[in-house]
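Tertiary structure, described
Given next are the chains, with one letter for each unit.
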Amino acid sequence: MESITSNRQLDMEALKEPRGFLRCLQWFFAMLAFATCCDFSTKLAFDIVCKDSSQATTMVTTDITYPFSIDHNPPFKFGDSPPCGIKFGPKVKDQDITFPGDFSSDAQFFVFTGVITWLYCFASIAVYVFYSSNYSDEQKNYPKVDFVITALLAFFWLAGSSAWANGLNGIKQVSDPDNWIFTSQYETAAACFKTTNDTYVYTKIGECHTTSRGHFGGANVSVLFGFLNFFLWASNLWFLYKETGWYKAKQDQANLGNVETDPY
């Protein structure tokens, strides 16, 4: 411990090198990636319109927010007054409107990747700036650890971004009620179920009409930030590899071979 603290000195030059500059960019874009994912929200909505225009239209809506466990959202309850005065059949499991889809694992893995890389950037920048002598010593232990962790986090960014992109595609499907409200006869949105003839089972229903399919600008940006982070972490591997003892040993072998083959 004493040797580590004795080697501590401020060296901002490391941040001007590719590994330090890229690490600062990684810190910034990791924060943007998980922040835009967590901050994203939208909603889906549809109306149940009665054939009898004198009856009130039922407006169904629910919010879609992080961690995007949409099937855990509170159901839309009709209470004692089903829409348009319809009477549900005995096989209907749930007369209220429930919402399908759980995409929390994809989103949480993406955010987890962003948070741990953001924290690692703090730690590695501290090593670059305050312990630069330990980073550049003859043993080259710090650069090897940094290289291995960076390679692992680059893989995490690729996996996390791909997972979140897939989860976001599922959210987009669910946020369009037309994709699911007409297909479940006994649950989810039984009031809007349609037969193969494209007619409503409950004839008092005039139309189930989508009014909001959500907006996904912020979520799309978070996916782009995720893949940008993968590019930054993967591209930094070359600069970190050049700092390791592996690269130095390879260069020494190459130089030794040149000396042995030189006739002069």
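Quick look at the structure, then. Because the structure is predicted, anything quoted here is derived from the model rather than measured. (Residues numbered from 1 in each chain as written. Predicted model: local features only at pLDDT ≥ 70, side-chain atom pairs only at ≥ 80, totals over all residues. Heavy atoms only, no water.)

**Points about the state of the cysteines**
Under the convention used in this document: Throughout, disulfides are identified as pairs of cysteine sulfur atoms within 2.5 Å of each other. Put simply, DSSP H or I for four residues or longer makes a helix, DSSP E for two residues or longer makes a strand, and each gets a number counted from the N terminus. To sort residues, take the accessible area from a 1.4 Å probe on protein chains only and compare it with the maximum for the residue type: under 20% means buried, over 50% means exposed, and anything in between is partly exposed.
Applying the stated criterion across every chain, the model contains 2 disulfides. The residue that forms a disulfide with Cys50 is Cys84, at a sulfur-sulfur distance of 1.9 Å. Disulfide Cys50-Cys84: the torsion about the S-S bond is -90°, which places it as left-handed. Highlighted residues: Cys50 in strand β1 (residues 41-50) and Cys84 in the loop between β2 (58-65) and α3 (104-130), separated in sequence by 34 residues. Neither residue differs from the other here; Cys50 and Cys84 are each classed as buried. Each sulfur of the disulfide joining Cys192 and Cys208 lies 2.0 Å from the other.

**Observations concerning a nonpolar patch on the surface**
Selection rule: Any residue with relative accessible area above 30% and no salt bridge may belong to a patch, with like charges joined within 9 Å and the nonpolar Val, Leu, Ile, Met, Phe, Trp and Tyr side chains within 5 Å. A 1.4 Å probe and the Shrake-Rupley method give the accessible areas. Residues count as covered only by the protein chains that appear here. Any carboxyl oxygen of Asp or Glu within 4 Å of a side-chain nitrogen of Lys or Arg constitutes a salt bridge here.
On the surface, Leu10, Met12 and Phe130 cluster together to form a nonpolar patch covering roughly 300 Å² of accessible area. Positionally, Leu10 belongs in the loop between α1 (2-6) and α2 (18-39).

**Quick notes on the packing of aromatic side chains**
Rule in force here: Between the rings of Phe, Tyr and Trp (Trp by its six-membered ring), a pair exists once the centres lie within 6.5 Å; its type follows the angle of the planes, with under 30 degrees stacked, over 60 edge-to-face, and the other angles tilted. Consider the ring centre and the ring normal. A charge sits over the ring if Lys NZ or Arg CZ is within 6 Å of that centre and within 35 degrees of that normal.
Tallied over the entire structure, the rule returns 21 aromatic pairs. Between Phe34 and Trp118, the ring centres sit 5.9 Å apart and the planes meet at 75°, which makes this aromatic pair edge-to-face. In this pair, Phe34 is assigned in helix α2 and Trp118 in helix α3, connecting sequence segments 84 residues apart. A residue is classified by how much of its surface remains accessible, and Phe34, at 16% relative accessible area, is buried. Exposure remark for Trp118: the relative accessible area of 22% places this residue in the partly exposed category. When the ring of Phe40 is compared with that of Phe68, the centres are 5.9 Å apart and the planes differ by 40°; the resulting orientation is tilted. One end of the pair, Phe40, is in the loop between α2 and β1; the other, Phe68, is in the loop between β2 and α3, and 28 residues separate them in sequence. An aromatic cluster of at least three residues, connected via ring pairs, comprises Phe40, Tyr66, Phe68, Phe110, Trp157, Trp164 and Phe216. Directly above the aromatic system of Tyr128 lies the positively charged group of Arg19, at a separation of 4.6 Å from the ring centroid.

**Notes on the nonpolar core**
As a reminder of what qualifies: What makes a nonpolar core is a set of buried Ala, Val, Leu, Ile, Met, Phe, Trp, Tyr and Cys residues whose side-chain atoms join them at distances within 4.5 Å. For this analysis, residues touch if any pair of their heavy atoms sits within 4.5 Å.
Ranked by internal contacts, the top residues of the largest apolar core, which has 52 residues, are Phe68 and Trp164. Mapped by element, the contributors of at least two residues to this core are α2, β1, β2, α3, α5 (141-175), β3 (205-212) and α6 (217-241). The element that contributes the greatest number of residues to this core is α5, accounting for 7 residues. When residues no more than four places from it in sequence are discounted, the contact partners of Phe68 are Cys37, Phe40, Gly101, Asp102, Phe103, Ser104, Ala107, Trp164 and Ile171. The next biggest cluster of nonpolar side chains, apart from the first, holds 5 residues, and it includes Ala14, Tyr128, Leu237 and Leu240.

These figures come from the coordinates and say nothing about function on their own.
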